[in-house]
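# Residue-level structural notes
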Amino acid sequence: MESKSDSYAGSLVASLLSRMRRFLFHVLSTGPIPNHIAFILDGNRRYAKKQKLKEGMGHRAGFLALMSLMKYCYELGVKYVTIYAFSIDNFKRQPEEVQGLMDLMLEKIEGLLKEESIVNQYGVRVYFIGNLKLLNAPVRDAAAKAMKATANNDKSILLICVAYTSTDEIVHAAQEAIEEKWGETQESSKASGAQNSDICQEKHKGHRTIKLADIERHIYMGLAPDPDILVRTSGESRLSNFLLWQTSTCLLYSPKALWPEIGLRHIVWAVLNFQRVHPYLEKRRKQV
Amino acid sequence: MAFLVNSCVKVGFVFGAVSPTTLSLQAEQDALRFPFPCPLTMCCSESIARDGRRETFFANELSLVKAVQIQETLPGGLKPELLPNHIAIILDGNRRWANERGFKELLPNHRNGGRVIKEIVFLCCKWRIKVVSIFAFSTENWVRPKQVDALMSLFEEVMQNDLQEFMGYNVQISFIGDKSKLPKSLQELIATVENSTRGNMGLHLMIAINYGGRYDVMQASRSIASKVKDGSLQVEDINETLFEKELETNCAEFPNPDLLIRTSGEQRISNFYLWQLAYTEVFFSVKKLPDFEEEDFIEVLISFQKRERRYGGN
């Protein structure tokens, strides 16, 4: 009897909090809502130390925080959420920690595919972004499976950056763009023959120049518009090789809270700051 | 006799009998007193002048001396070994500062900001920061024609009037950005300033004019593409190290900033550096540029020194 009334009270409180949250989001929605928010999930290990948890438990606590954040973002109407789950630089960490993270990723990717997961609840399409060849086969296969399974979801998008750095992304995009241009030029020259080589060269001079659109076509994060807000938790104020290309006009927000401590108030504060600068940024975007 | 005393001090230092402070004081006295340089000091100073690095017999000792000399000029709370090698600054807030005070003239407003930047650069010279970059004019600033005219005039004025002062501080000045779109007179001045200061071995000041982070990545991509087209490079050999060498910041000994400061409280990069900011500590100061003073700069440096930089590792 007692546990039934406890659980009834618990659902009542949860329902009340949910209603209050929706009301708050309704008020926030009178201003512009960011289309894309990116997160650097910093502070999991410090959280585990602070709470005296076992090694690796900080990342699990971080995963729970991520689920809450995703829920808040999608309820608010943010269409794209990007997370920096694992950097290429993180491979430098202790092998046990790296393996622990890979195992956690595998477990959670498989969890995403379950019926009751947040991904199905909110119609989220999942993409894994990065140099996926650097991942071990089980994680790579699970990622491919998750992308395929959520391909028909169209309400929101979750981009999980794994084995990713911006500098690797840019080099990869440049390689692909150059390969594409150089490949086209070579084939066209062969087709036109050796004669009229000067005309041929002039005609393809424009094609040989790498343009901005060529890089943007091959960049991993080309699936999404540039983020409106980049949130990095734990008070550190650096990009750590994340979305360097995409964050040139993005609002940077560094709350002191560690990632597992992030909450609704941080999202609200970030959105309010976004709404403050949005008119100016829109005006600049149109001018440029 | 003086030469003998000087030599004994240096030998005494090497064997720990003389402290770094004594050595630095001795070096100062030498500079003031002796008309002919002591062969030992001459060897040291020549080798420093030769390549700007301390590859001399007294390399470690002179580093200590320099550290002590810097420490003696550093304000409290700052440690010389924790100072950033390269500081980048986004100069923001001139117009808002002027609007708040009802100033309408553009050129005097920007002159105010220019004065502040010069003071910061000279502080960096004093504290032996190696490289300073300033975001003087973005690829996106062309949309404000009146401001463009004021800024171009200011750049010409500063380069003509202040070059001697920068030479006095031994500052090397480089300009990064697409200079081809600038007025011809400014392009000529830029070339003159770069040539005049090329041999200076002090602080390296990089002025970003008509520069953008994406512009720099694009010009590097095009440069690499032309090497692939010529056959001097294979696509599969393109890597991050090679790419970084093609960026315009490669002219500096420390091309990537350790610290980026933006004044006026706006919390974004605004297409300043892109690739170069991968691991840079960012500091947003609420002060507008004309109000940014030495104590604000010291506060930023103290904050930088407390940061733990892990580069993704442990």
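Quick notes on the rules
Residues numbered from 1 in each chain as written. Chains lettered and ligands numbered in written order. Predicted model: local features only at pLDDT ≥ 70, side-chain atom pairs only at ≥ 80, totals over all residues. Heavy atoms only, no water. Patch = residues over 30% accessible without salt bridge, like charges linked within 9 Å, V, L, I, M, F, W, Y side chains within 5 Å. Areas by Shrake-Rupley, 256 points an atom, 1.4 Å probe, with all protein chains shown as cover. Salt bridge = Lys/Arg side-chain N within 4 Å of Asp/Glu carboxyl O. Lys, Arg positive; Asp, Glu negative; His and termini not counted. Charge placed at Lys NZ, Arg CZ, Asp CG, Glu CD. Helix = DSSP H or I, 4+ residues; strand = E, 2+ residues; numbered from the N terminus. Buried < 20%, exposed > 50% of the residue type's maximum accessible area, 1.4 Å probe, protein only. Pairing = 2+ DSSP bridges. Right-handed = clockwise from strand over helix to strand, strands pointing away. pLDDT = per-residue confidence, 0-100. Axes fitted to C-alpha atoms, helices over the stretch in contact; angles between N-to-C directions. Contact = heavy atoms within 4.5 Å. Buried area = accessible area lost by both parts, 1.4 Å probe. Core = buried A, V, L, I, M, F, W, Y, C linked by side-chain atoms within 4.5 Å.

## Quick notes on a negative patch on the surface
- There is a patch of like negative charges on the surface, built from Glu-176 and Glu-179 of chain A together with Glu-236 and Asp-237 of chain B.
- Considering the arrangement of structural elements, one finds Asp-237 of chain B in the loop between α9 (213-230) and α10 (240-246).
- We classify Asp-237 of chain B as partly exposed; its relative accessible area is 42%.

## Brief notes about the pairing of strand β1 (residues 86-90) of chain B
Residue and element names in this part refer to chain B.
- Counting buried residues along β1, five of its five residues qualify, which places the element largely inside the surrounding structure.
- Residues His-86, Ala-88 and Ile-90 of β1 are buried on one face, and the alternating residues Ile-87 and Ile-89, pointing to the opposite face, are buried as well.
- The pairing of β1 with strand β2 (residues 131-138) spans five bridges and is parallel. Bridge assignment links Ile-87 to a residue of β2, and that residue is Val-132.
- As judged from the four bridges shared by β1 and strand β5 (residues 259-262), these two strands associate in the parallel manner. Note that in β5 the partner of Ile-87 across the bridge is Leu-259.

## What to know about the pairing of strand β4 (residues 204-211) of chain B
All names here are of chain B.
- Of all eight residues in β4, eight are buried, a share of seventy percent or more.
- Pairing between β2 and β4: seven bridges, direction parallel. Across the sheet, the residue bridging to Phe-135 is Ala-208, located in β4.
- Across five bridges, strand β3 (residues 172-176) lies against β4 in parallel orientation. Across the sheet, the residue bridging to Ser-174 is Met-206, located in β4.
- The handedness of the β3 to β4 crossover, carried by helix α8 (residues 184-197), is left-handed.

## Let's talk about the confidence of the model for chain B
- Looking at chain B, the pLDDT average stands at 79 and 74% of residues meet or exceed 70.
- On the interface metric, ipTM, the complex scores 0.86, and its pTM is 0.82.

## Comments concerning the sheet that holds β3 of chain B
Residues and elements named next belong to chain B.
- The strand order across the open sheet formed by six strands is β3-β4-β2-β1-β5-β6, and the pairing between neighbours is parallel. Two strands lie at the open edges of the sheet, namely β3 and β6 (281-284), each paired on one side alone. In this sheet, adjacent strand axes meet at a mean angle of 20 degrees when their direction is disregarded.

## Some details on the interface of chain A and chain B
- Each partner contributes residues to the interface: chain A has 49 residues there, and chain B has 42 residues.
- For the pairing of chain A and chain B, the buried interface totals around 4,000 Å² over both sides, and the portion due to carbon and sulfur atoms is 55%.
- Joining chain A to chain B, the criterion identifies three salt bridges.
- One salt bridge connects Arg-238 of chain A with Glu-281 of chain B, and the closest N-O pair in it is separated by 2.7 Å.

## Considering the environment of Asp-162 of chain B
Residue and element names in this part refer to chain B.
- Inspection of the secondary structure assignment puts Asp-162 in helix α7 (residues 145-168).
- Judged by its relative accessible area of 14%, Asp-162 falls in the buried class.
- When near neighbours in sequence (up to four residues on either side) are disregarded, Asp-162 contacts Lys-118 and Glu-157.

## What to know about a nonpolar patch on the surface
Residues and elements named next belong to chain A.
- On the surface, Val-13, Leu-16, Leu-17 and Met-20 cluster together to form a nonpolar patch covering roughly 400 Å² of accessible area.
- In this fold, Val-13 is placed in helix α1 (residues 2-28).
- The class for Val-13 is partly exposed, based on a relative accessible area of 48%.

## Things to note about the sheet that holds strand β6 (residues 251-253) of chain A
Residue and element names in this part refer to chain A.
- Read across the open sheet, the six strands follow the order β3-β4-β2-β1-β5-β6; overall the sheet is parallel. Looking at which strands have only one partner, the edges of the open sheet turn out to be β3 (124-129) and β6. With direction set aside, neighbouring strand axes in the sheet form an average angle of 20 degrees.
- Relative to strand β2 (residues 80-87), strand β1 (residues 36-40) runs parallel, the two sharing five bridges. If you follow Phe-39 over to β2, its bridge partner there is Ile-83.
- Those strands touched by helix α4 (residues 95-112) are β2, β3 and β4 (156-164), and its axis lies near 150 degrees from that of β2.

## Side note on the nonpolar core
- Ranked by size, the top nonpolar core spans 60 residues in total, and within it Tyr-164, Ile-215 and Phe-242 of chain A together with Phe-243 and Phe-272 of chain B carry the most contacts.
- Residues contacting Phe-242 of chain A, with those up to four places away along its chain left out, are Ala-38, Phe-39, Ile-40, Thr-82, Ile-83, Tyr-84, Cys-161, Tyr-164, Ser-166, Leu-230 and Thr-247 of chain A.
- Leu-69, Tyr-72, Val-78 and Val-231 of chain A belong to the second-largest nonpolar core, a separate cluster that totals 52 residues.

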